[in-house]
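Structural description and commentary
Here is how the chains run, residue by residue.
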Amino acid sequence: MEMKDGNPGLGYGNPEFQNAAYPGYPPQQNPYGYPPPGPYQFQPGQAMPTQPGVPGAAWMPIPAANPNCPPGLEYLSQIDQILVHQQVELLEVLTGFETNNKYEIKNSLGQRVYFAAEENDCCTRNYCGPSRPFAMTIVDNTGREVMKLHRPLRCSACCFPCCLQKLEVQAPPGTVVGYVVQNWHPCLPKFTIQDEREQGVLKISGPCIPCRCCTDVNFEVMSVDESSVVGRISKQWAGSVKEIFTDTDNFGIQFPMDLDIKTKAVLLGACFLIDFMFFETKN
């Protein structure tokens, strides 16, 4: 299932930025302008260092450049499953003080593909809670920013259908590749995956009660007409201790190998939105 654009350069930047490596995409402007999010500190041009005790092969090998793919998303062309592991923040566990969320994004072999970090201020995190707006930066194993997610402050209650959740996905940062839009439903979590033109590409439907004990919670990824299931976003049960005392979560995302790369990126964004909406609240 592959959705191709007849003009790879359309909608991905001004033609004056075209170059041999990524025609139609603007080159990264000072991608190392500030240290990458999270614990990784390194110099431009160097591979991301591993943490103590983590083998050097923990990062997924850098794939070859693809001229028809947003720079940095080439990793997604080689996988049909993503594992998203939220990091445990000791300060948050001990004090209950909400900190910025950080995630490791891995392939099915356990190799790190990306690292994601929320960018938010103290007041917004602790007063707005899981409903808070946020920006999230996603970097690859060289520290290059490959994606940016933006969630505005909106309502998710079914009694306010005119102001439901919406997440914007940019890849590379500054270039919109799609949106995750919440659909109104009286009892079911439903979302639409849209392309950069805000045209529906896929649908997501979750269970009536998303929070369940001792079992995985599945959100089915379906075709636009909802006639067939093409993938799944699963919130994986992490064990009683972790579920009770922390709000850190593990997710698995499955999709067809030949699914459009930009759509895969938007599905990753949908996973973060689902986490904040249904599983971020502390028990």
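Residues numbered from 1 in each chain as written. Predicted model: local features only at pLDDT ≥ 70, side-chain atom pairs only at ≥ 80, totals over all residues. Heavy atoms only, no water.

As a further point, take the overall build of the protein chain. Helix and strand counts for the protein chain come out as 4 helices and 12 strands. Long-range pairs, those at least 24 residues apart, make up 48% of the contacts in the protein chain with a sequence separation of at least 6. Element-wise, carbon and sulfur atoms account for 56% of the exposed surface of the protein chain, whose accessible area totals about 12,800 Å². (Helix = DSSP H or I, 4+ residues; strand = E, 2+ residues; numbered from the N terminus. Contact = heavy atoms within 4.5 Å. Areas by Shrake-Rupley, 256 points an atom, 1.4 Å probe, with all protein chains shown as cover.)

The full count for this structure, using the stated rule, is 7 aromatic pairs. The interplanar angle of 70° and the centroid separation of 5.5 Å between the aromatic rings of Y75 and Y114 together place this pair among those described as edge-to-face. You can see Y75 sitting in the segment before β1 (81–86) and its partner Y114 sitting in strand β3 (residues 112–119), a full 39 residues away along the chain. Between Y103 and F272, the aromatic rings sit 4.7 Å apart at their centres with planes inclined by 65°, giving edge-to-face as the arrangement. Here the residue Y103 occupies a position in strand β2 (residues 102–106), and F272 occupies one in helix α4 (residues 261–279), the gap between them amounting to 169 residues. Summarising the burial analysis for this pair, Y103 and F272 share the class buried. Clustering of aromatic rings is evident, with ring pairs tying together F219, F251, F278 and F279. (Phe/Tyr/Trp six-rings, centres within 6.5 Å; stacked < 30°, edge-to-face > 60°. Buried < 20%, exposed > 50% of the residue type's maximum accessible area, 1.4 Å probe, protein only.)

Under the definition given, this model contains 10 salt bridges. Two residues, E198 and K166, come together in a salt bridge whose shortest N-O distance is 3.2 Å. With E198 in the loop between β8 (190–195) and β9 (200–205) and K166 in strand β6 (residues 166–170), the pair connects residues that are 32 residues apart, well separated along the chain. For E198, a relative accessible area of 41% corresponds to the partly exposed category. The partner of K190 in a salt bridge is E226, and the shortest N-O contact between them spans 3.5 Å. Placement of K190 in strand β8 and of E226 in the loop between β10 (217–223) and β11 (229–236) is noted, with a sequence separation of 36 residues between them. (Salt bridge = Lys/Arg side-chain N within 4 Å of Asp/Glu carboxyl O.)

As a further point, take the sheet that holds β8. Sheet architecture is closed into a barrel: 12 strands sit in the order β1-β2-β3-β4-β5-β6-β7-β8-β9-β10-β11-β12, paired in antiparallel fashion. Averaged over all pairs of adjacent strands, the angle between their axes in this sheet comes to 20°, without regard to strand direction. (Pairing = 2+ DSSP bridges. Axes fitted to C-alpha atoms, helices over the stretch in contact; angles between N-to-C directions.)

To continue, consider the environment of N141. Looking at the element boundaries, N141 is found in the loop between β4 (134–139) and β5 (145–151). Measuring from C-alpha to C-alpha, the distance between N141 and F115 comes to 7.9 Å, with 26 residues separating the pair along the chain. Side-chain polar atoms of N141 contact the backbone oxygen of M60, separated by 2.8 Å. One polar contact links N141 to Y75, side chain to side chain, over a distance of 2.8 Å. (Polar contact = N/O pair within 3.5 Å; in protein donor to acceptor, adjacent residues only side chain to side chain.)

Attention shifts here to unusual backbone geometry. Following A171, the chain continues to P172 via a peptide bond in cis, the omega torsion being -5°. The residue P172 is located in the loop between β6 and β7 (176–183) in this model. For E226, which is not a glycine, the phi torsion comes out positive at approximately 60°. Given a relative accessible area of 37%, E226 falls into the partly exposed group.

Turning next to the side chain of D275. Among the structural elements, D275 can be located in helix α4. For D275, which is buried and forms no salt bridge, the nearest opposite charge comes from K235, at a distance of 7.4 Å. Within the structure, the side chain of D275 is placed 2.7 Å from the side chain of Y103, a separation counted as a polar contact. Excluding residues that lie within four positions of it along the chain, D275 makes contacts with Q86, Y103, D249, F251 and E280. (Lys, Arg positive; Asp, Glu negative; His and termini not counted.)

From the geometry alone we can't say anything about function, so treat these as descriptive.
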